[in-house]
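Fold and geometry: a report
Given next are the chains, with one letter for each unit.
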Amino acid sequence: MIPLFNPENKFWSFIGKLADLVCLSLLWVCTSLPVFTIGATITAFYNFTIHQVNDTESTVWHGFFTAFRKYFKKATCLWGIQLIGTAFLVCDFWLAWQYYLSHNEGFGALLILSVICCVSFIFFSCFFYTYPLLAIFDFPLKKLLSHSFIMAMGNLPVTITLWVCWGLCSVGIYYLSGVFFVWIGLAIFISSYFLFGVFKKYTGELTEEQTLHARRKKRCKEQEVI
C-alpha cells in the first residue's frame, strides 16, 4: 500500500495533470471572453499540455500567462486567418448547396460541394497543428502555415484521430454544455499526446530550421547596430 500513497506514483502524477487541466480550462474560459484573444489562449493551453506530456511543465498560472504574452501577436494573427478562412468556406458551402438544390442535385453541383468539403478538411486539419507548432517552435507565420500543412497531410492517421477526438468533444459539449470548457481542455490534452509524437518525427529538421532562423535574426540585429 505504501507505493500507492507515494506522491511520485504515476497514478497521482496523472491525477495532478488532470487537476492542472481543470485549472487551465477555467483560465482558458476567462481569457477567451474578449474573443480576439482565443488564438493566444489556445496556444498557451497547448504550450502547457505538450510540456505536460514531456513532464517539463511549470506551474499553471506562470506557464499559461508566460506563453500567452509571448505568442499573443502571432496567435492573434492566426486566429484572424482562421476566422476569415472559416467565414469564406461557410459562404462557399452555402452557395454551393443552393446551387446543388437549384440544379436538381446534378453531378456538377455535387462535384463543387465535394471540392469545398475537401478544402475545408485540409484547412481545419492544418489548424490542428498550427497553434501547437507556434506553442513549441515559435516559427514565423509563413512557416507555421506551411509546416502545419505538411504535418497534417503527411500524418493522415493522426489527423483523422484528431478529428475524432474533437468530434467526441463536440458530442460531450452537446450533452453536457455546462462544462464545455472541461471537454475542450480534455480534447487539447489528449491531442497533445498525438501531436508530441508527430513533432518528435520532425524534431531534427525543425531544430535545424530554428537555428537558422535564430542566426538570421542575430545577423539582422548586428547589421542594425552597425
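None of these values were measured; they are calculated from a predicted model.

**Looking at the overall build of the protein**
Within the protein one finds seven helices and zero strands. Starting at the N terminus and ending at the C terminus, the protein contains elements arranged as α-α-α-α-α-α-α. The buried share of the protein, taken over its 226 residues, is 37%. Partitioning the intrachain contacts of the protein with sequence separation of at least 6 by distance along the chain shows that 74% fall at a separation of at least 24. With the model as given, the accessible surface of the protein reaches about 13300 Å², and the carbon-plus-sulfur share is 72%.

**Description of unusual backbone geometry**
Although it is not a glycine, Val 35 adopts a positive phi angle of roughly 75°. Structurally, the position occupied by Val 35 is in the loop between helix H1 (10-32) and helix H2 (38-53). The residue Asp 138 is not glycine, and still its phi comes out positive at about 55°. Here Asp 138 shows up in the loop between helix H4 (107-137) and helix H5 (141-154). Residue Asp 138 is classed as partly exposed on the basis of its relative accessible area of 26%.

**Let's talk about the pattern of salt bridges**
A complete count under the given rule lists one salt bridge for this structure. Of the charged contacts in the structure, one is a salt bridge between Asp 138 and Lys 74, with a shortest N-O distance of 3.1 Å. One end of the pair, Asp 138, is in the loop between H4 and H5; the other, Lys 74, is in helix H3 (residues 60-102), and 64 residues separate them in sequence.

**Here we look at H5**
Residue pairs three or four apart in sequence face the same way in an α-helix, which turns once every 3.6 residues. Helix length check: H5, at 14 residues, gives a terminal C-alpha distance of 20 Å against a target of 20 Å (1.5 Å per residue), a fit within 8%. Leu 144, His 147, Ser 148, Met 151 and Ala 152 are the residues of H5 that are buried. Angularly, the buried residues of H5 cover 130° about the axis, an arc narrow enough to put them on a single face.

**What about the nonpolar core?**
If you look at the biggest cluster of nonpolar residues, it comprises 48 residues, and the most contacted ones within it are Tyr 46, Tyr 129, Tyr 131, Met 151, Val 198 and Phe 199. Of all elements in the fold, only H1, H2, H3, H4, H5, helix H6 (156-175) and helix H7 (180-225) reach the threshold of two or more residues within this core. One finds Ala 96, Tyr 100, Ala 109 and Leu 113 within the second-largest nonpolar core, a separate group that totals five residues.

Here is what the cut-offs are and how they apply
Residues numbered from 1 in each chain as written. Predicted model: local features only at pLDDT ≥ 70, side-chain atom pairs only at ≥ 80, totals over all residues. Heavy atoms only, no water. Helix = DSSP H or I, 4+ residues; strand = E, 2+ residues; numbered from the N terminus. Buried < 20%, exposed > 50% of the residue type's maximum accessible area, 1.4 Å probe, protein only. Contact = heavy atoms within 4.5 Å. Areas by Shrake-Rupley, 256 points an atom, 1.4 Å probe, with all protein chains shown as cover. Salt bridge = Lys/Arg side-chain N within 4 Å of Asp/Glu carboxyl O. Expected span 1.5 Å × (residues − 1). Arc of directions from axis to C-beta. Core = buried A, V, L, I, M, F, W, Y, C linked by side-chain atoms within 4.5 Å.

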